[in-house]
Amino acid sequence: MTLDAEPAARVVLIDGSGYIFRAFFRLPPMTRGDGTPTNAVYGFSTMIFKLMQERPDDDLIVIFDAGRTSFRNEIYADYKANRDDPPPELVPQFPLIRDAARAFGLPVVEVEGFEADDIIATYVKTARGQNRQVEIVSSDKDLMQLIDDGVSIWDPMKEQEVGADQVMERFGVGPARIRDLLALAGDTSDNVPGVPSIGPKTAAQLIADYGSLEGLLANLDKIKQPKRRQVLTDNVDQARLSFDLVGLRDDVDLPVSLEEATRRRFDDAKLMAFLKENSFTSMIKRLQTVADLIDGEPVPSTTEEIYETITSLEALDAVIATARAVGYLAIDTETTALNIAKARLVGISLACDESRGFYLPLGHVDDFGEAVGGQLDLEAVAERLGPLLIDPAVLKIGHNLKYDISVLVRHGLSLAPIEDTLLLSYVLDGARHGHGMDELAKRHLDHDTISYESICGSGRKQITFDRVPIEKATDYAAEDALVTLRLWQILKPRLAQEKMATVYETLERPLSPLLARMERRGIRVDAEHLRTLSVDFTGRMGELETKAYKLAGRTFNLGSPKQLGEILYDEMGIGGSRKTKTGAYATGADVLEGLAASGHELPQTLLDWRQMQKLTRTYTDALIEDINPQTKRIHTSYAMASTSTGRLSSNEPNLQNIPIRTEEGRKIRAAFVPDSGYVLVSADYSQIELRVLAHMADIQALKRAFADDIDIHAVTAAQMFKKNVENIGPELRRSAKTINYGIIYGIGAFGLAQRLGIAQADAKAYIEAYFEQYPGIKGYMDRTKAEAHERGFVQTLFGRRCYIPDIGAKVPHRRGYAERQAINAPIQGSAADIMKRAMVRVGRMLDRELPEVRMLLQVHDELVFEVPNDQIEQATVRIRQTMQDAAQLSVPLIVDVGHGKTWDAAH
């Protein structure tokens, strides 16, 4: 591969430093295989590649700042002092960007003590002295002062040329007077002071009137406005200082001459190695097709995706043989629905090398619902594929395999052993980004996947996958398997490199098939009980509505924030009102709770009405619709990669948010029942987060209380309020309990005051007393916040990283919220890890000892089981023991176990 070796008529000077930050903030985060961020590198490489294509006859030079200081800092110490440190994700990309330029065969120039702009100015002077045309590639306004005959600027962000006319249109002065204008107006981005109160428009007018900065300063007595004349008179030295700062040096000793910068051949292998190392797959493909960049032999070939439809058992046998030979197989299923209970298998996609993806069509139909030709028989496929899918010598790789496991089980197929790229990504990168396959493909492979909407449509016109023509389905499905395989090859090695293997191997990976089984089982629900509750709650809503009308003195729409605000604040004159950004009165739950705590009856009535409405809409009515007509059970789905702390979340429906502290919530739980001959058993960790806190912060008083099995909230109250434990009443205990749990979430005086209904000063005193009693907690909080600020993440007891994206936020309230997240995450995350360890161990124990016992639900710190009547005692003992042994802390783990004919009775 060779580039044009003839002398170029034009010199193209690329402002590398100016482009780095713009590329970083313009592009979404990307990482290569070892986790190094690469979005700025990719943006820079794309620009270089494009410039080389569009300017095949020009000499290109890439110019960078050598450091953060230059001779200007000797003139003015505060020059650029207002700039923040570069984002941590950008720092490791600085050397890679220079490597990118060198990989493309371009000279890289930087000179200590000078900025890129000075080097560019020197090259411009040298090139014009040789009568060569110059193009500067930059978006920096400082460089506009160099525009002249034979010198232009190309703005790569706006993709447009900037000449003298554009400068005049933007600033009101020509290129030759940009320096004068900036000396007057200053430049906040570089901390150039300028003259106070003189903006760009005023500066342009003054330069137009007096010709130049010096022309202006020589005629200050002619300025008619007294204030303007005075401010200019007072800041003459500052204006001249600013003039020196924004001026460009053109006498830099250039380490690379123009003759040495002649466009020449670049090293094929070096460029390919760089692009591959950084996973810039799409750029490699584009490079292969660019004729004007390539001279002679083709670019070394890279793997090209081939997607094939398998229409014969012989072809399937060949794939199976390859999978056995290499020892791994990527697999994905295509179905008619995301809901496991409703999904019908349409096809299976496979991949076992980097270049080929295969699709097995099994259930495609035409517009009349009739099977189309060219498909395989499901039973024949299962007979051949089944042994491979359980072969311990062949690793099965998928993305969100929990879903695929359940789909395959319904067709008599099992899957083991497994690797899951969704869980690999989640363990490695947590809340730093999403973990959907499309996003990961773009982030790690620089690959844009075929979207589901592009083949199935969207909205009301969307079709199910079984209606997609097999040819189109093949490209989409086979790509999924191939992308999954490539993601695994990138993500898996990072586990060992980043010491995250324990979290993945012992918690996430073994939990996936267990959760799949729980989702398939579901839990039985008494629909008639829910209907009765719905009628009851609707009646209660009517009573509360009537009461609200009476208290307000008129009828109104209880669901209208506007009408509610008018009644509470305008008509009833209740104090403490605040308005939202739209100007409407705030009537959220937090506002109403504050008003209710102050003794106002209408806000409490409205809160009660809203609660009844939520219970009806979200639970009693909705849960009836969620009952599967075939199984008579509700099948929730557990999201394994949706929280920053590792907690599972329940969806469609969400069974984790049913209120259990209210009578109405307990009535809803009473609708969950076992099969005939079974009971429900509830096993709940007692105060697990406080126990984790006591262990992690090494709080001796808390540890002693837990060891002695003393009421921890009463102990806290006794120590805070200087009373004997026996003399602690319900009110003080409630305050201590609120503080105990509030501290875990980084609660402040304002939040505690709201929760307890007390003055903020009293709440502040409570917190101070708490920290005085337990100084180790304050130390833990300070250490954890410092760790988050230093590393961007905190860790659980088991090594899970909980990333805190906003920990370095400049906005105080965002940073404060992030710090509270950092305090809570190791505690909540450790509790979540303990629960996952318990689930895996309990699941294995039940398979060995009590196979008829079914694990049904995981809700916060609780597990729910369906147990045969004659195995209650044995199951209770073994479940409790296994859960309590899930982790070894310096305080005992206690599990409360109960059983009954409803979930409420068991809890």
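Residues numbered from 1 in each chain as written. Predicted model: local features only at pLDDT ≥ 70, side-chain atom pairs only at ≥ 80, totals over all residues. Heavy atoms only, no water.

S.K.: What exactly am I supposed to notice about the overall build of the protein here?
M.R.: Looking only at helices and strands, the protein features 36 helices and 23 strands. Viewed in the frame of its principal axes, the protein has a C-alpha envelope of about 100 × 80 × 55 Å. The buried share of the protein, taken over its 907 residues, is 53%. Sequence-distant contacts, at least 24 apart, represent 68% of the contacts inside the protein between residues at least 6 apart. In the structure as shown, the protein presents an accessible area of about 40000 Å², 49% of it carried by carbon and sulfur atoms. Across the protein, the mean location of the 107 positive side-chain charges is 5 Å away from that of the 131 negative side-chain charges. (Helix = DSSP H or I, 4+ residues; strand = E, 2+ residues; numbered from the N terminus. Buried < 20%, exposed > 50% of the residue type's maximum accessible area, 1.4 Å probe, protein only. Contact = heavy atoms within 4.5 Å. Areas by Shrake-Rupley, 256 points an atom, 1.4 Å probe, with all protein chains shown as cover. Lys, Arg positive; Asp, Glu negative; His and termini not counted. Charge placed at Lys NZ, Arg CZ, Asp CG, Glu CD.)

S.K.: Please clarify how the pattern of salt bridges should be interpreted in this entry.
M.R.: Pairing is possible between side chains of opposite charge, provided their charged atoms come close. Counted under the stated rule, the structure contains 61 salt bridges. Here Asp391 and Arg324 are joined by a salt bridge, their closest N and O atoms 2.4 Å apart. Residue Asp391 is found in the loop between helix H15 (378–389) and strand E11 (395–398), and its partner Arg324 is found in helix H14 (residues 313–326); the two are separated by 67 residues along the sequence. Note on Arg324: relative accessible area 39%, which makes it partly exposed. Residue Asp675 is joined to Arg524 by a salt bridge in which the shortest nitrogen-to-oxygen separation is 2.6 Å. Of this pair, Asp675 sits in the loop between strand E17 (672–673) and strand E18 (678–685) while Arg524 sits in strand E13 (residues 523–525); the two residues are 151 residues apart in sequence, bridging distant segments of the chain. Residue Asp675 is classed as buried on the basis of its relative accessible area, which comes to 18%. Sharing partners across several salt bridges, the network here consists of Arg10, Lys50, Glu54, Arg55, Asp58 and Glu135. (Salt bridge = Lys/Arg side-chain N within 4 Å of Asp/Glu carboxyl O.)

S.K.: Help me out: how do you make sense of the nonpolar core in this one?
M.R.: Here is a general trend for soluble globular proteins: nonpolar side chains tend to be buried in one another's company. Residues Tyr685, Ile777, Met839 and Phe865 are the most contacted members of the largest nonpolar core, which totals 147 residues. Per element, the largest residue contribution to this core is 11 residues, and it comes from helix H34 (residues 812–849). Residues in contact with Ile777, not counting those within four places in the same chain, are Leu693, Ala697, Ile699, Leu702, Ile743, Tyr770 and Phe771. Counting 58 residues, the second-largest nonpolar core is a separate cluster that includes Ile61, Ala185, Leu213 and Leu220. (Core = buried A, V, L, I, M, F, W, Y, C linked by side-chain atoms within 4.5 Å.)

S.K.: Whenever I open this one, the sheet that holds E17 confuses me. Can you help?
M.R.: Backbone hydrogen bonds hold the strands of a sheet together, and the pairing may be parallel or antiparallel. Across the sheet, which stays open at both edges, the 3 strands sit in the order E14-E13-E17 with antiparallel pairing between neighbours. Whereas interior strands pair on both sides, the edge strands pair on one side only; in this sheet they are strand E14 (633–634) and E17. Bridge count between E13 and E17: 2 bridges; the pairing is antiparallel. Bridge pairing in E17 links Arg524 to Val673. (Pairing = 2+ DSSP bridges.)

S.K.: Which parts of the structure should I look at to understand the sheet that holds strand E23 (residues 895–900)?
M.R.: One open sheet holds the 4 strands; their spatial order is E21-E22-E18-E23, and the pairing between them is antiparallel. Among the strands making up the open sheet, the edge pair consists of strand E21 (854–859) and E23. When the angles between neighbouring strand axes are averaged without regard to direction, this sheet yields 20°. Across 5 bridges, the pairing between E21 and strand E22 (residues 862–868) is antiparallel. (Axes fitted to C-alpha atoms, helices over the stretch in contact; angles between N-to-C directions.)

S.K.: Please clarify how the packing of helix H30 (residues 730–744) against helix H31 (residues 749–756) should be interpreted in this entry.
M.R.: A pair of packed helices is characterised by two quantities: the angle between their axes and the separation of those axes. One can describe the packing of H30 onto H31 by two numbers: an axis separation of 11 Å at closest approach and a directional angle of 140°. The way H30 lies across H31 gives a crossing that is right-handed. Taking contact as the criterion, the partners of Arg734, Ser735, Thr738, Ile739 and Gly742 in H30 are, on H31, Leu752, Arg755 and Leu756. Here the contact of H30 with H31 is composed, by residue class, of 3 nonpolar, 3 polar and 2 charged. (Left-handed = near helix turned anticlockwise from the far one by under 90°. Nonpolar A, V, L, I, M, F, W, Y, C, P; charged D, E, K, R; others polar.)

S.K.: Could you clarify how one ought to interpret the pairing of strand E2 (residues 59–63) in this entry?
M.R.: Of all 5 residues in E2, 5 are buried; the element is thus mostly enclosed. Pairing analysis gives 5 bridges linking strand E1 (residues 10–15) to E2, with the strands arranged parallel. Its bridge partner being in E2, Leu13 is matched across the sheet by Ile61. The pairing of E2 with strand E3 (residues 108–109) spans 2 bridges and is parallel. Residue pairing across strands places Val62 opposite Val108, the latter belonging to E3.

S.K.: So what exactly am I meant to see when it comes to a negative patch on the surface here?
M.R.: Together, Asp621, Glu625, Asp626 and Glu652 make up a region of like negative charge exposed at the surface. Classification of Glu625 by relative accessible area gives exposed; the value is 66%. (Patch = residues over 30% accessible without salt bridge, like charges linked within 9 Å, V, L, I, M, F, W, Y side chains within 5 Å.)

S.K.: Sorry if this is basic, but what is going on with the packing of aromatic side chains here?
M.R.: Enumeration over the complete set of coordinates arrives at 15 aromatic pairs. Ring geometry for Tyr549 against Phe556: centres 5.9 Å apart, planes inclined by 75°, an arrangement best described as edge-to-face. These aromatic residues form a ring-pair network of at least three members: Tyr19, Phe44 and Phe64. Its end group placed over the ring of Trp154, Arg55 keeps NZ or CZ at 5.6 Å from the ring centre. One residue, Arg249, lies across the ring of Phe71, its end atom 5.0 Å from the ring centre. (Phe/Tyr/Trp six-rings, centres within 6.5 Å; stacked < 30°, edge-to-face > 60°. Lys NZ or Arg CZ within 6 Å of the ring centre and 35° of its normal.)

S.K.: Would you mind showing me how to read the packing of helix H27 (residues 688–697) against H34 here?
M.R.: As a packed pair, H27 and H34 sit with axes 9 Å apart at the nearest point and diverge in direction by 115°. The chirality of how H27 crosses H34 is right-handed. Taking contact as the criterion, the partners of Ile688, Glu689, Val692, Leu693 and Met696 in H27 are, on H34, Pro826, Ile827, Gln828, Ser830, Ala831 and Ile834. Here the residues of the contact of H27 with H34 sort into 8 nonpolar, 2 polar and 1 charged.

S.K.: Mind showing me how you'd approach unusual backbone geometry here?
M.R.: For residues that are not glycine, phi is negative in most cases, and the peptide bond is trans in most cases. At the junction of Ala416 and Pro417, the peptide bond is cis and its omega measures out at -10° in the coordinates. With respect to the helices and strands, Pro417 occurs in the loop between helix H16 (401–409) and strand E12 (418–420). Residue Pro653 is bonded to the preceding Glu652 through a cis peptide linkage, with omega at 0°. Phi at Asn191 takes a positive value of approximately 60°, unusual for a residue other than glycine. Within the secondary structure layout, Asn191 lies in the loop between helix H7 (178–185) and helix H8 (200–210).

S.K.: What is the right way to look at H14 in this model?
M.R.: Owing to its 3.6 residues per turn, the α-helix aligns residues three or four sequence positions apart on the same side. The terminal C-alpha atoms of H14, which comprises 14 residues, lie 20 Å apart, in line with the 20 Å expected from a rise of 1.5 Å per residue. Residues Leu316, Val319, Ile320 and Ala323 constitute the buried set of H14. For H14, the arc enclosing every buried residue in end-on projection is 100°, short of the 170-degree limit, so these residues lie on one face. Counted as exposed and oriented over 90 degrees from the buried face of H14: Glu314 and Ala325. (Expected span 1.5 Å × (residues − 1). Arc of directions from axis to C-beta.)

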